[in-house]
Amino acid sequence: MNAFKSLKQRVKQALRPLMHPWSLPATMVHGLNELGVKPSGLLLVHTSLAHLGYVPGGAAAVISVLQRVIGPEGTLIIPTHTWEWMNAGCRVFDATVTRSCVGKLPDVFRRMPGVIRSLHPTHSVAAKGPRAAALIAGHETAATPCGDGTPYARLLDEGGQILLLGCGTESNTCFHTLEARFGFQYLLREEMIRFEIIDADGHSRYITVPLHRDVPLRGESIARRFKEMEDILVEMGIAKRGMIGQAHAVLIDGRLMLEKLGPLMAATPFYLLADPTMRAGIQTS
């Protein structure tokens, strides 16, 4: 059975170039430049390889394209989330071993030379570039997974960009950054969870952190309208849309997200909820 499964996977991989439209690296570089990715900037990327079509060289080629566009003075940040495993009961996060639950590309990137990974047990990122160490420092000690003291908040505060490549704003983790910054009580579960974290040198320690409520567990999920926010961000001038190879892409300006979306969320605590009328009891702190 395992041999048949392995053969099936090899055949599928061999047929992929014939069954899917191609996204060529040179075309992707041109598209990212046209979209407005800044050279020498901070770029956080969520991506779906499947929606890119066939890319010669696969995930490594896509990463190479991203690094080429931002250049050697730029810093590339890719979320390597593990919340799925932790919400299922895992209580050990190993920066070297624990695989991401958000696709193949993050796992390819985190294993590359010169890439470092933050130590948060549910919402880690991998980063490479001059600002990498400063961006990820102390992520595991932050009060929330994505709020102040995390790479996501630092990216917004420093005017970085968020690229959604082959996916939409439903994947934009930085929405949680604003929810955390404005102290929305619906964001976190009440209980604190103890994790063992193991860094890249093999050193182990224990920390206690809260989990988000946005992943269904015991009926505690809070539905958001993240996907619908794409049109709103574009209309507000916070984001731009384009095609990168075969993929739909959205580029968000982190500073404008803070300046324009922040006040709306501060004034309307339910702004990102899918059905605010059903959450009338939720208050900010």
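Residues numbered from 1 in each chain as written. Predicted model: local features only at pLDDT ≥ 70, side-chain atom pairs only at ≥ 80, totals over all residues. Heavy atoms only, no water.

S.K.: Can you help me understand the packing of aromatic side chains in this one?
M.R.: The geometry of an aromatic ring pair is captured by the separation of the ring centres together with the interplanar angle, meaning the angle of the planes. Throughout the structure, instances matching the rule amount to 3 aromatic pairs. Seen from their ring centres, Phe175 and Phe226 are 4.7 Å apart, and the 40° between their planes marks the pair as tilted. Taken together, the residues Phe175 in helix H8 (residues 174-181) and Phe226 in the loop between strand S8 (204-212) and helix H9 (229-235) connect sequence positions 51 residues apart. Phe226 carries the same exposure label as Phe175, and that label is buried. Linked through ring pairs, Phe182, Phe184 and Tyr186 together constitute an aromatic cluster. Directly above the aromatic system of Tyr206 lies the positively charged group of Arg194, at a separation of 4.1 Å from the ring centroid. Lying over the aromatic face of Tyr271, Arg225 brings its terminal NZ or CZ to 4.7 Å of the ring centre. (Phe/Tyr/Trp six-rings, centres within 6.5 Å; stacked < 30°, edge-to-face > 60°. Helix = DSSP H or I, 4+ residues; strand = E, 2+ residues; numbered from the N terminus. Buried < 20%, exposed > 50% of the residue type's maximum accessible area, 1.4 Å probe, protein only. Lys NZ or Arg CZ within 6 Å of the ring centre and 35° of its normal.)

S.K.: Can you help me understand the sheet that holds strand S7 (residues 188-198) in this one?
M.R.: Strand pairs in the sheet, formed through backbone hydrogen bonds, run parallel or antiparallel to each other. Read across the sheet, 3 strands follow the order S3-S7-S8 without closing on themselves; strand pairing throughout is mixed. The two strands at the open ends of the sheet, each matched to only one other strand, are strand S3 (92-94) and S8. Across the sheet, the axes of successive neighbouring strands diverge by a mean angle of 40°, strand direction being ignored. Relative to S8, S7 runs antiparallel, the two being bridged by 8 bridges. Across the sheet, residue Leu188 finds its bridge partner in S8, namely His212. (Pairing = 2+ DSSP bridges. Axes fitted to C-alpha atoms, helices over the stretch in contact; angles between N-to-C directions.)

S.K.: Whenever I open this one, the nonpolar core confuses me. Can you help?
M.R.: Inside soluble globular proteins, nonpolar side chains tend to come together where they are buried. In terms of nonpolar packing, the biggest core is built from 35 residues, with Ile162, Ile252, Met257 and Leu261 touching the most fellow members. With 29 residues, the next largest nonpolar core counts Val37, Leu43, Val55 and Leu66 among its residues. (Core = buried A, V, L, I, M, F, W, Y, C linked by side-chain atoms within 4.5 Å.)

S.K.: Can you help me understand the side chain of His46 in this one?
M.R.: Relative to the helices and strands, His46 is located in strand S1 (residues 42-47). In terms of polar contacts, His46 uses its side chain to reach the side chain of Thr173, at 3.2 Å. (Polar contact = N/O pair within 3.5 Å; in protein donor to acceptor, adjacent residues only side chain to side chain.)

S.K.: So what exactly am I meant to see when it comes to the side chain of His123 here?
M.R.: Its location among the elements puts His123 in the loop between strand S4 (116-117) and strand S5 (125-128). A polar contact of 2.8 Å, which involves the side chain of His123, links it to the side chain of Thr122. Sequence-distant contacts of His123, defined by excluding residues within four places in its chain, comprise His81, Trp83, His139, Pro145, Cys146, Tyr152, Thr173 and His212. (Contact = heavy atoms within 4.5 Å.)

S.K.: Before we go on, may I ask you to explain unusual backbone geometry in this structure?
M.R.: Both trends apply: most residues other than glycine have a negative phi, and most peptide bonds are in trans. Non-glycine residue Ser40 carries a positive phi angle of around 65°. With respect to the helices and strands, the residue Ser40 is situated in the loop between helix H2 (25-35) and S1. Ser40 gets classed as partly exposed once you look at its relative accessible area, which sits at 46%.

S.K.: Hey, could you run me through the packing of H2 against helix H3 (residues 58-70) in this one?
M.R.: The relative placement of two packed helices comes down to the angle between their axes together with the axis-to-axis distance. Interaxial distance between H2 and H3 falls to 10 Å at its minimum, and their mutual angle equals 40°. Accordingly, the angle class assigned to the pair H2 and H3 is oblique. Two packed elements cross with a definite hand, and for H2 against H3 that hand is right-handed. Residues Pro25, Met28, Val29, Leu32 and Asn33 of H2 lie in contact with H3, whose contacting residues are Val62, Val65, Leu66, Arg68 and Val69. Residue classes in the contact of H2 with H3 are distributed as 8 nonpolar, 1 polar and 1 charged. (Parallel < 35°, antiparallel > 145°, perpendicular 65-115°, else oblique. Left-handed = near helix turned anticlockwise from the far one by under 90°. Nonpolar A, V, L, I, M, F, W, Y, C, P; charged D, E, K, R; others polar.)

S.K.: How should I be thinking about the pattern of salt bridges in this particular structure?
M.R.: Should the charged atoms of two oppositely charged side chains come close, the side chains can pair. In this structure the tally under the stated criterion is 8 salt bridges. Its salt-bridge partner being Arg181, residue Asp157 comes within 2.9 Å of it at the nearest N-O pair. Linking Asp157 in helix H7 (residues 151-157) with Arg181 in helix H8, this pair joins segments that are 24 residues apart in sequence. On the basis of relative accessibility, which here comes to 41%, the residue Asp157 falls in the partly exposed class. The class for Arg181 is partly exposed, based on a relative accessible area of 29%. Arg224 is the salt-bridge partner of Glu179, the closest N and O atoms lying 2.7 Å from each other. (Salt bridge = Lys/Arg side-chain N within 4 Å of Asp/Glu carboxyl O.)

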